[in-house]
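Residue-level structure breakdown
Spelled out from the first residue to the last, the chains are:
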Amino acid sequence: MPEAPNCSLKPTDHNLAEKNKKTLLFIEDITTNADEVQKRVLSEIVSRNANVEYLQRHGLKGHTDRETFKKVMPVIAYEDIQADVTRIANGDTSPILCSSPICEFLTSSGTSAGERKLMPTIEEDMERRSLFYSLLMPVMSQYVPGLDKGKGMYFLFIKSEAKTPGGLLARPVLTSYYKSSHFTERPYDPYTNYTSPNETIHCLDSYQSMYTQLLCGLCQNKEVLRVGAVFASGFIRAIRFLEKHWASLCKDIRTGTINAQISDPVVRGAVMKILKPDPKLADFIEVECGKDSWQGIITRLWPNTKYVDVIVTGTMSQYIPTLDYYSNGLPIVCTMYASSESYFGVNLNPLCKPSEVSYTLIPTLCYFEFLPVNRNINGVINSPSLPESLSEKEHDELVDLVDVKLGEEYELVVTTYSGLYRYRVGDVLRVAGFKNKAPQFSFLCRKNVVLSIDSDKTDEVELQNAVKIAVNHLMPFDATVAEYTSHADTTTIPGHYVLFWEVSLNGPTPIPSCVFEDCCLTMEESLNSVYRQGRVSDKSIGPLEIKIVEPGTFDKLMDYAISLGASINQYKTPRCVKFSPIVDLLNSRVVSNHFSPKCPKWVPGHKQWNNQD
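Residues numbered from 1 in each chain as written. Predicted model: local features only at pLDDT ≥ 70, side-chain atom pairs only at ≥ 80, totals over all residues. Heavy atoms only, no water.

Turning next to unusual backbone geometry. Backbone torsion omega between I493 and P494 reads 0 degrees, so that peptide bond is classified as cis. In this structure, P494 sits in the loop between β19 (479-489) and β20 (496-505). One non-glycine residue with positive phi stands out, namely K61, at about 55 degrees. Inspection of the secondary structure puts K61 in the loop between α3 (53-57) and α4 (66-72). A positive phi angle is found at R422, which is not glycine, with a value near 55 degrees. Relative to the helices and strands, R422 resides in the loop between β14 (409-415) and β15 (423-435). Look at R422 and you get buried, because its relative accessible area is 1%. (Helix = DSSP H or I, 4+ residues; strand = E, 2+ residues; numbered from the N terminus. Buried < 20%, exposed > 50% of the residue type's maximum accessible area, 1.4 Å probe, protein only.)

Dropping the structure here:
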């Protein structure tokens, strides 16, 4: 296998160019020999895990060749290994999925039965993630020179973690990385030189973390060359936070003291190493933030910024116009494609338009396979829905990394070093091109997801169930929901779910607003733990809203769809709407709107770990 670049090499002015060159040659090498690398990765994974219970159960019998592996190992969804994962979570340390000890679980933003999926991980996975991160800036430096001469202002946050009954940590992949020694004890590197001290990133209080990261970013505004967050939604949330709190931040900069609301002593100590009285800077920020328009506020406050680094693919594309407004049209860069299951690919053309982003999958990270996907004219995926088993024909249709076809769409299937074998990730990708022999993919969507604001993913079945439970509040009024649809409203920050309900009222008593508010809260209580964490802990999702529309609204919606060419015989009400004219039509017929009156219940970890009903 090609030798990976030494990401622990301390870069200085004289060797940074050499390190970048070595990294780019590594990418060239592994993409040129993609199939050979993939065969080697699969052989390595199954040979080192030959004696684990899962592979023995399916009769692999120590074979390491691709043909036997594909013949005997099933293509699976999370539900197929949930029992094995539960055993590990409960403390079984025998080699069930992997020969190396499972050191923790990474909690996926995807859910099963309303709870986060638990992805097993092993110690050496952290090395793979660190290698992956080391590829990003050498690629970027080809397009934007001088990035080693300043800092990055990134809004990075950790999330709550829990312990399984067996004592293993369960937490999101980025929380795991930011709290690891690979991040906290990283040697000086101009490419990982951030304005935020580690202590501000590690603060679990989202208000204190956001406030102090912004404060540090403002104090070092002339040094900032790039800005970003993981998701576009998170970055915009930081700018809206600045809109609310700039006066307080200016006071801190003017006086060299920190607002008393920042109570964490460790955070205060770290910030005080950066914060110095600077009345001139405070005056400058006050003038810019006090103007009527916040258009271009990024380039006004951080004048040396060259690009915005956030994920804007998939559902995050809804935030692009807002990013353009705040950044004065700076390039929006999506550098990487990753998940809790594994890290996957790098954008080798980072200054492309957001609509043209594609990721080159790195063949050393895991073993990739691809399930062909067909979508009908309305964009509905016709391939098997998760978690149904594949037919023999569909099983045989999976293709390897180098055999995908340009323009075709596929669902991603991976085999990882940490115990996932032919696992359906649920991402739908389209082949956009090739880097040597390695394909480049555009991310299209998550399968079956109808609503998403941040990292939450709500599917149609879950939405239907939440509505079904909520409408019980209407029964005393002899009322029902005749029809409904939903919309992810990102015009508010944070964004929030909107349900359009057409209510059929048969009883004589009007329905009070508080009843619809109860419906909102009941729906939120019925949604998955990722959604509820976004509402309660991360503050990344706003209160759910129900909009009551005039009778006959959904007939109008059908008429509009038919006028656009839909078949009257095949038309069914969409459970989520994104097309602006349809959203406008629904909004024009709203007679009342109601919000969830409080946050739903949420605690870290799975419900069964907390002895909840």
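Inspection of every chain in the model, using the stated rule, returns 23 aromatic pairs. Sitting above the plane of the Y484 ring, R575 keeps its charged end 4.2 Å from the centroid. (Phe/Tyr/Trp six-rings, centres within 6.5 Å; stacked < 30°, edge-to-face > 60°. Lys NZ or Arg CZ within 6 Å of the ring centre and 35° of its normal.)

Before going further, it helps to examine the state of the cysteines. Here, the word disulfide means a covalent bond between the sulfur atoms of two cysteines. The tally for this structure, following the rule as stated, stands at zero disulfides. C203 carries a free sulfur, and the closest cysteine sulfur to it, the one in C216, is 12 Å from it. Looking at C334, it has no disulfide partner, and the nearest cysteine sulfur is the one in C352, 7.4 Å off. Under the relative-accessibility criterion, C334 is labelled buried at 1%. (Disulfide = S-S within 2.5 Å.)

Now for helix α5 (residues 78-89). What α5 keeps buried is the set Y78, I81, D84, V85, I88 and A89. Seen end-on, α5 carries its buried residues on one side only, within an arc spanning 145 degrees. Just downstream of α5 lies G91, where phi reads positive at about 115 degrees. (Arc of directions from axis to C-beta.)

Across the protein, pLDDT averages 88, with 92% of residues at or above 70. Counting contacts from residues 1-11, a segment whose pLDDT is below 50, to residues more than four positions away or on other chains yields 34 contacts. Long-range and interchain partners of residues 376-387, a stretch whose pLDDT sits below 50, account for 30 contacts in this model, where long-range means more than four residues apart. (pLDDT = per-residue confidence, 0-100. Contact = heavy atoms within 4.5 Å.)

With that settled, consider the sheet that holds β19. The pairing of strands in a sheet comes from backbone hydrogen bonds and takes either a parallel or an antiparallel form. With mixed pairing, four strands are arranged side by side in an open sheet as β19-β20-β21-β22. What marks the edges here is a single partner per strand, and that holds for β19 and β22 (590-595). Sheet twist, expressed as the average angle between the axes of neighbouring strands with direction ignored, equals 25 degrees. Pairing analysis gives ten bridges linking β19 to β20, with the strands arranged antiparallel. Opposite A488, over in β20, you have Y497 as the bridge partner. (Pairing = 2+ DSSP bridges. Axes fitted to C-alpha atoms, helices over the stretch in contact; angles between N-to-C directions.)

Interfaces are often described in size by the accessible area the parts lose on coming together. Domains assigned within the protein are domain 1 (145-305) and domain 2 (450-609). Centre-to-centre separation of domain 1 and domain 2, based on C-alpha positions: 34 Å. At the junction of the two partners, domain 1 supplies 15 residues and domain 2 supplies 16 residues. Surface buried jointly by domain 1 and domain 2 totals about 1100 Å² across both partners, of which 58% is contributed by carbon and sulfur atoms. Contact with domain 2 buries surface across domain 1, with K159, S160 and R237 losing the most and accounting together for 41% of the total. Counting across the domain 1 and domain 2 interface gives two salt bridges. Salt-bridge contacts for K159 lead to D538; the nearest nitrogen and oxygen are separated by 3.1 Å. (Domains from an automatic or database assignment. Buried area = accessible area lost by both parts, 1.4 Å probe. Salt bridge = Lys/Arg side-chain N within 4 Å of Asp/Glu carboxyl O.)

Further remarks concern the environment of G495. Topologically, G495 is positioned in the loop between β19 and β20. Given a relative accessible area of 2%, G495 falls into the buried group. Separated by 45 residues in sequence, G495 and S540 have C-alpha atoms that sit 7.5 Å apart. If near-sequence neighbours (up to four positions away) are discounted, G495 is found in contact with I453, D489, T490, S540, I541 and G542.

The next subject is the environment of P512. Mapped onto the elements, P512 comes out in the loop between β20 and α18 (513-526). Overall, the relative accessible area of 34% leaves P512 in the partly exposed class. The spatial distance from the C-alpha of P512 to the C-alpha of F477 is 9.8 Å, given a sequence separation of 35 residues.

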